[in-house]
Amino acid sequence: MKNVKKIFIVSFLILLLIYVTNITSIPNNIVLFQGENLNVNTVFGVNLENVDTLENDDYKTVQASSDISNITKIGKTDYRLSLFGAIPLKSVTVNVIPKTSVVPLGNLVGLKLYTSGVLVVGMTEIEGSDNNKYKPYENTGIKEGDMIVKVDENAVTCTADLLKTVNNSNGKNLSVEYVRDGQTIETSITPVKGSDDKYKLGLWVRDAAAGVGTVSFYEPSTKTFAALGHGIQDIDTQQLINIAKGDFVTTDIVSIVKGKKGNPGKIQGTIENGKVIGQVYKNTNFGVYGKITNVSALNIDASKAMEVATRDEINLGKATIMCTLEDNKTKEYDVEIQKIYKNNNENNKSMLIKITDEELIEKTGGIIQGMSGSPIIQNGKVVGALTHVLVNDPQTGYGVFADLMIKQAREVD
């Protein structure tokens with residue numbers, strides 16, 4: 001009897017976990033192209049319902065389905081996730097946007113990002129003025145990857161802000177606010193006077209990052225751009241950088257290092273004398289986004305705009321990519337789409353791409369760092385952008401769906 005009870009409890013907990021995982025995996029906001037299907041994977045009894053709010057705020061069920069086809073109404077519609085149509089679980093907003101045309105680019109550009117606060121990238125012991133070793137950060141809860149945003153009620157927007165507040169503390173205990181995984185946490189820390197007579201926390205921090213990559217496309221109707229196809233991570237913490245602002249600048253190619261098996265190549269560029277093209281407002285797992293203010297710097301020709309393909313329009317087989325490798329000239333090169341992961345909305349590995357162009361292979365060895373963001377074109381439509389290379393096969397890598405990039409950009413609006 002006891003074994004039966006244990007089996008029942010374990011089975012119930014597993015079932016509960018399945019339901020909780022399914023419910024939490026469904027986002028609160030979904031962006032679709034006009035005419036695209038709303039595909040939501042739900043378990044038995046969990047329904048997505050199109051709802052109207054009555055005067056008494058009760059829900060009126062209009063439609064219940066986990067696969068709602070061919071949504072044509074542009075704008076936002078409220079849905080409700082419920083259990084057996086009776087128990088409300090969460091609200092879901094579906095934002096339907098019109099099909100979009102963009103200008104594919106492929107230009108190599110520079111990106112300068114500035115964080116929302118200062119990012120903790122390391123910790124170190126401090127040699128105090130008494131020659132003893134101290135670790136002020138111990139027992140504070142602060143870890144690498146945390147973003148310090150406030151010290152003693154003073155906003156921390158850069159490294160200089162933090163240094164000034166700590167140096168003026170005279171060793172008194174400081175209140176600290178930091179952000180981890182979107183949650184703001186409060187703690188306190190006592191600075192230690194170092195051997196150089198300056199007060200320190202023993203934390204290595206950073207407030208900016210810079211690099212080069214490829215801009216995927218420009219959307220004339222909103223003057224927005226999308227680049228990289230993946231987010232910019234901090235080199236030390238390997239976490240996505242939470243930015244406050246950023247600059248989008250021109251760059252000059254210095255050299256190209258060919259990719260080899262086990263050793264990814266790269267485009268080396270400089271942004272020291274780069275002209276500002278626009279501002280970055282979002283750094284996501286599906287790319288970097290911003291507004292272009294200097295269209296002429298990228299030689300954008302609006303007449304070359306193409307429609308963004310839905311993933312149902314993408315086919316296995318021949319396609320091209322656009323990228324810049326020398327003399328700041330953008331060229332198209334042949335590739336092959338070998339696999340398509342149509343139901344993947346979780347990451348930027350939407351398609352498996354093989355480089356087939358002999359000229360490109362001769363120049364780069366395949367896909368190299370700096371080519372991330374190169375637009376992928378098939379049948380006169382933009383279908384995606386390069387994101388990753390397979391280390392053991394530099395001629396093969398991944399691309400992200402263009403519809404995911406557009407949806408990320410529109411979520412900001």
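The coordinates are above.
Just so we're clear, the structure is a prediction, and the values are computed from it rather than from any experiment. (Residues numbered from 1 in each chain as written. Predicted model: local features only at pLDDT ≥ 70, side-chain atom pairs only at ≥ 80, totals over all residues. Heavy atoms only, no water.)

It is worth spelling out the pairing of strand β31 (residues 393-401) at this point. On a regular strand, each side chain points to the face opposite its neighbour's, so the side chains alternate between the two faces of the sheet. Taking burial as the measure, the 9 residues of β31 include 7 buried ones, the bulk of the element. Inspection of the sheet shows strand β28 (residues 351-355) paired to β31 by 4 bridges, in the antiparallel sense. Each bridged residue has a counterpart across the sheet, and for M351 the counterpart in β31 is G399. Note: strand β30 (residues 381-390) against β31, 6 bridges, orientation antiparallel. (Buried < 20%, exposed > 50% of the residue type's maximum accessible area, 1.4 Å probe, protein only. Helix = DSSP H or I, 4+ residues; strand = E, 2+ residues; numbered from the N terminus. Pairing = 2+ DSSP bridges.)

Before going further, it helps to examine the nonpolar core. Side chains of a nonpolar character, in soluble globular proteins, are inclined to be buried together. Core analysis: the biggest nonpolar cluster contains 40 residues, and I321, L360, M371 and I376 have the highest contact counts within it. Within the residue set of this core, elements represented by two or more residues are β1 (29-33), β26 (317-326), β27 (329-340), β28, α3 (358-364), β30, β31 and α4 (402-412). Ignoring any residue separated from it by four or fewer positions in sequence, one finds M371 in contact with T214, I267, I321, C323, L360, T364, G366 and L386. (Core = buried A, V, L, I, M, F, W, Y, C linked by side-chain atoms within 4.5 Å. Contact = heavy atoms within 4.5 Å.)

Throughout the structure, instances matching the rule amount to 1 aromatic pair. Ring geometry for F225 versus F248: centroids 3.8 Å apart, planes at 10 degrees, classification stacked. Of this pair, F225 sits in strand β19 (residues 224-227) while F248 sits in strand β20 (residues 243-250), and the two are 23 residues apart along the sequence. Residue class for F248 comes out buried when judged on its relative accessible area of 0%. (Phe/Tyr/Trp six-rings, centres within 6.5 Å; stacked < 30°, edge-to-face > 60°.)

With that settled, the discussion passes to unusual backbone geometry. Of note, the phi angle at N131 is positive, near 70 degrees, even though the residue is not glycine. You can call N131 exposed: its relative accessible area is 57%. Here the phi dihedral of E153 falls at roughly 65 degrees; this positive angle occurs in a residue that is not glycine. If you trace the backbone, E153 turns up in the loop between β12 (147-151) and β13 (154-155). Residue classification places E153 among the exposed positions, given a relative accessible area of 60%.

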